[in-house]
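# Working through the structure, step by step
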Amino acid sequence: MTGYELDMVNRDPNGLNDHVRVLFEEVLGEPDGAHSIDCVWSCAYKCFNCFKGCCYKFLTVLCGIPLAICWGCEFAYITFWHVWYVTPCMRAYMINCGCLQKFYGTCLQCYLQPLCEAMSYCFSNIKVTNMSG
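Residues numbered from 1 in each chain as written. Predicted model: local features only at pLDDT ≥ 70, side-chain atom pairs only at ≥ 80, totals over all residues. Heavy atoms only, no water.

Along the backbone of the chain there are 2 helices and 0 strands. Relative to the globule expectation of 14 Å for 133 residues, the C-alpha radius of gyration of the chain, 34 Å, shows a markedly less compact shape. Expressed along its principal axes, the backbone C-alpha trace of the chain runs to roughly 95 × 65 × 25 Å. By residue count, 2% of the 133 residues in the chain fall in the buried class. Surface summary for the chain: the accessible area is close to 12,600 Å², and the carbon and sulfur share equals 68%. Charge separation in the chain, taken as the distance between the mean sites of 8 positive and 11 negative side-chain charges, equals 12 Å. (Helix = DSSP H or I, 4+ residues; strand = E, 2+ residues; numbered from the N terminus. Rg over C-alpha atoms; globule rule 2.2 N^0.38 Å. Buried < 20%, exposed > 50% of the residue type's maximum accessible area, 1.4 Å probe, protein only. Areas by Shrake-Rupley, 256 points an atom, 1.4 Å probe, with all protein chains shown as cover. Lys, Arg positive; Asp, Glu negative; His and termini not counted. Charge placed at Lys NZ, Arg CZ, Asp CG, Glu CD.)

Our next topic: the environment of Cys-107. Mapping Cys-107 onto the fold places it in helix H2 (residues 38-124). For the pair Cys-107 and Val-9, spaced 98 residues apart in sequence, the C-alpha separation works out to 63 Å.

The next subject is the packing of aromatic side chains. If you walk through the whole model with that rule in mind, you get 7 aromatic pairs. Centroid distance Phe-24 to Tyr-45: 5.1 Å. Interplanar angle 85°. Geometry classified as edge-to-face. On the criterion of sequence distance, the pair formed by Phe-24 in helix H1 (residues 24-27) and Tyr-45 in helix H2 is long-range, its members being 21 residues apart. With relative accessibility at 3%, the residue Phe-24 sits in the buried group. On the numbers, 5.5 Å between centres and 70° between planes, the contact of Phe-24 with Phe-48 is edge-to-face. Of the two residues, Phe-24 is situated in helix H1 and Phe-48 in helix H2; the sequence distance between them amounts to 24 residues. Taking relative accessible area as the criterion, Phe-48 reaches 23% and is therefore assigned partly exposed. (Phe/Tyr/Trp six-rings, centres within 6.5 Å; stacked < 30°, edge-to-face > 60°.)

Right, let's talk about H2 for a bit. With 87 residues, H2 extends just 89 Å between its outermost C-alpha atoms, more than 12% less than the 129 Å of an ideal straight helix rising 1.5 Å per residue. The largest bend in H2 amounts to roughly 50° and is located at Cys-63, with the proline Pro-66 lying one to four residues further along. (Expected span 1.5 Å × (residues − 1). Bend = angle between axes of the 7 residues up to and from the residue.)

Opposite charge on two side chains makes pairing possible when the charged atoms of those side chains draw close. For the structure on display, the rule yields 1 salt bridge. The salt bridge involving Arg-21 is made with Glu-26; its shortest N-O contact spans 3.7 Å. Look at Arg-21 and you get exposed, because its relative accessible area is 54%. (Salt bridge = Lys/Arg side-chain N within 4 Å of Asp/Glu carboxyl O.)

This next bit is on the domain arrangement of the chain. Segmentation of the chain into domains returns domain 1 (37-74) and domain 2 (84-122). For domain 1 versus domain 2, the distance between C-alpha centres works out to 59 Å. (Domains from an automatic or database assignment.)

Let us look at a nonpolar patch on the surface. A contiguous nonpolar surface patch, about 1,100 Å² in accessible area, is contributed by Leu-67, Trp-71, Phe-75, Tyr-77, Ile-78, Phe-80, Trp-81, Val-83, Trp-84 and Tyr-85. Of note, Leu-67 is situated in helix H2. The class of Leu-67 is partly exposed, set by a relative accessible area of 47%. (Patch = residues over 30% accessible without salt bridge, like charges linked within 9 Å, V, L, I, M, F, W, Y side chains within 5 Å.)

Now the structure itself:
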(Lines give C-alpha, C1' and ligand atoms only; values in the text may rest on other atoms or scores of the structure.)
Protein backbone atom coordinates (compact mmCIF):
# COMPACT_ATOMS: atom_id res chain seq x y z
CA MET A 1 0.00 0.00 0.00
CA THR A 2 1.28 3.46 -0.84
CA GLY A 3 -0.49 5.22 2.02
CA TYR A 4 -2.49 7.28 -0.49
CA GLU A 5 -6.04 8.01 0.70
CA LEU A 6 -8.67 7.98 -2.06
CA ASP A 7 -10.88 11.10 -2.07
CA MET A 8 -14.42 9.78 -2.45
CA VAL A 9 -15.96 13.28 -2.71
CA ASN A 10 -13.71 15.14 -5.18
CA ARG A 11 -13.01 12.47 -7.79
CA ASP A 12 -11.39 14.81 -10.31
CA PRO A 13 -8.95 16.88 -8.21
CA ASN A 14 -6.81 17.75 -11.25
CA GLY A 15 -9.76 18.87 -13.37
CA LEU A 16 -9.12 16.26 -16.07
CA ASN A 17 -12.75 16.31 -17.17
CA ASP A 18 -13.67 19.96 -16.77
CA HIS A 19 -14.75 19.93 -20.41
CA VAL A 20 -17.46 17.32 -19.72
CA ARG A 21 -20.52 19.43 -19.00
CA VAL A 22 -23.41 17.17 -18.01
CA LEU A 23 -25.63 19.19 -15.69
CA PHE A 24 -29.17 19.82 -16.95
CA GLU A 25 -28.55 23.57 -17.17
CA GLU A 26 -25.39 23.00 -19.22
CA VAL A 27 -27.13 20.71 -21.72
CA LEU A 28 -30.64 22.09 -22.12
CA GLY A 29 -31.87 25.67 -22.07
CA GLU A 30 -34.94 27.45 -23.34
CA PRO A 31 -34.43 30.96 -24.71
CA ASP A 32 -36.77 33.81 -23.89
CA GLY A 33 -39.96 33.54 -25.91
CA ALA A 34 -39.77 29.74 -26.20
CA HIS A 35 -40.70 28.32 -22.82
CA SER A 36 -42.45 25.02 -22.34
CA ILE A 37 -45.09 24.51 -19.68
CA ASP A 38 -43.52 24.65 -16.21
CA CYS A 39 -44.52 21.09 -15.32
CA VAL A 40 -42.91 19.81 -18.57
CA TRP A 41 -39.66 21.65 -17.81
CA SER A 42 -39.66 20.40 -14.23
CA CYS A 43 -40.44 16.83 -15.30
CA ALA A 44 -37.75 16.98 -18.00
CA TYR A 45 -35.26 18.10 -15.34
CA LYS A 46 -36.13 15.16 -13.08
CA CYS A 47 -36.11 12.61 -15.95
CA PHE A 48 -32.81 13.91 -17.33
CA ASN A 49 -31.06 13.63 -13.97
CA CYS A 50 -32.63 10.27 -13.12
CA PHE A 51 -31.75 8.59 -16.41
CA LYS A 52 -28.33 10.20 -16.63
CA GLY A 53 -27.53 8.94 -13.14
CA CYS A 54 -28.98 5.44 -13.67
CA CYS A 55 -27.36 4.93 -17.07
CA TYR A 56 -24.00 6.22 -15.87
CA LYS A 57 -24.06 3.95 -12.83
CA PHE A 58 -25.11 0.95 -14.97
CA LEU A 59 -22.29 1.60 -17.45
CA THR A 60 -19.72 2.00 -14.68
CA VAL A 61 -20.83 -1.26 -13.04
CA LEU A 62 -20.73 -3.03 -16.40
CA CYS A 63 -17.57 -1.50 -17.89
CA GLY A 64 -15.74 0.49 -15.19
CA ILE A 65 -13.55 -2.25 -13.73
CA PRO A 66 -12.61 -3.91 -17.07
CA LEU A 67 -11.76 -0.49 -18.54
CA ALA A 68 -9.73 0.42 -15.43
CA ILE A 69 -7.78 -2.82 -15.90
CA CYS A 70 -7.18 -2.03 -19.59
CA TRP A 71 -6.07 1.54 -18.84
CA GLY A 72 -3.87 0.34 -15.98
CA CYS A 73 -2.15 -2.08 -18.38
CA GLU A 74 -1.84 0.64 -21.03
CA PHE A 75 -0.19 3.11 -18.67
CA ALA A 76 2.03 0.35 -17.25
CA TYR A 77 3.16 -0.35 -20.82
CA ILE A 78 3.72 3.36 -21.53
CA THR A 79 5.74 3.70 -18.31
CA PHE A 80 7.76 0.57 -19.12
CA TRP A 81 8.40 1.76 -22.69
CA HIS A 82 9.57 5.20 -21.53
CA VAL A 83 11.73 3.92 -18.66
CA TRP A 84 13.42 1.13 -20.61
CA TYR A 85 13.48 2.47 -24.19
CA VAL A 86 12.48 6.09 -24.87
CA THR A 87 14.49 7.78 -22.09
CA PRO A 88 17.71 5.80 -22.80
CA CYS A 89 17.32 6.56 -26.54
CA MET A 90 16.87 10.25 -25.77
CA ARG A 91 19.93 10.19 -23.54
CA ALA A 92 22.03 8.47 -26.24
CA TYR A 93 20.77 11.00 -28.79
CA MET A 94 21.68 13.93 -26.52
CA ILE A 95 25.16 12.48 -25.92
CA ASN A 96 25.71 12.04 -29.67
CA CYS A 97 24.37 15.52 -30.41
CA GLY A 98 26.84 16.97 -27.89
CA CYS A 99 29.70 15.26 -29.71
CA LEU A 100 28.40 16.36 -33.11
CA GLN A 101 28.03 19.92 -31.85
CA LYS A 102 31.69 19.96 -30.79
CA PHE A 103 32.76 18.35 -34.06
CA TYR A 104 30.88 20.80 -36.28
CA GLY A 105 31.92 23.74 -34.11
CA THR A 106 35.56 22.75 -34.52
CA CYS A 107 35.13 22.33 -38.29
CA LEU A 108 33.53 25.75 -38.58
CA GLN A 109 36.32 27.36 -36.57
CA CYS A 110 39.04 25.61 -38.59
CA TYR A 111 37.66 26.08 -42.11
CA LEU A 112 35.00 28.76 -42.17
CA GLN A 113 36.49 31.29 -39.75
CA PRO A 114 39.76 31.79 -41.73
CA LEU A 115 37.76 32.07 -44.96
CA CYS A 116 35.46 34.70 -43.45
CA GLU A 117 38.43 36.63 -42.06
CA ALA A 118 40.14 36.58 -45.48
CA MET A 119 36.98 37.80 -47.18
CA SER A 120 36.62 40.58 -44.60
CA TYR A 121 40.16 41.77 -45.41
CA CYS A 122 39.30 41.80 -49.12
CA PHE A 123 36.16 43.82 -48.58
CA SER A 124 37.59 46.13 -45.92
CA ASN A 125 39.28 48.39 -48.52
CA ILE A 126 36.11 49.03 -50.50
CA LYS A 127 35.05 52.62 -50.33
CA VAL A 128 31.57 53.74 -51.31
CA THR A 129 31.00 57.24 -52.50
CA ASN A 130 27.69 58.80 -53.19
CA MET A 131 27.55 60.78 -56.40
CA SER A 132 24.40 62.76 -56.46
CA GLY A 133 23.60 64.83 -59.45
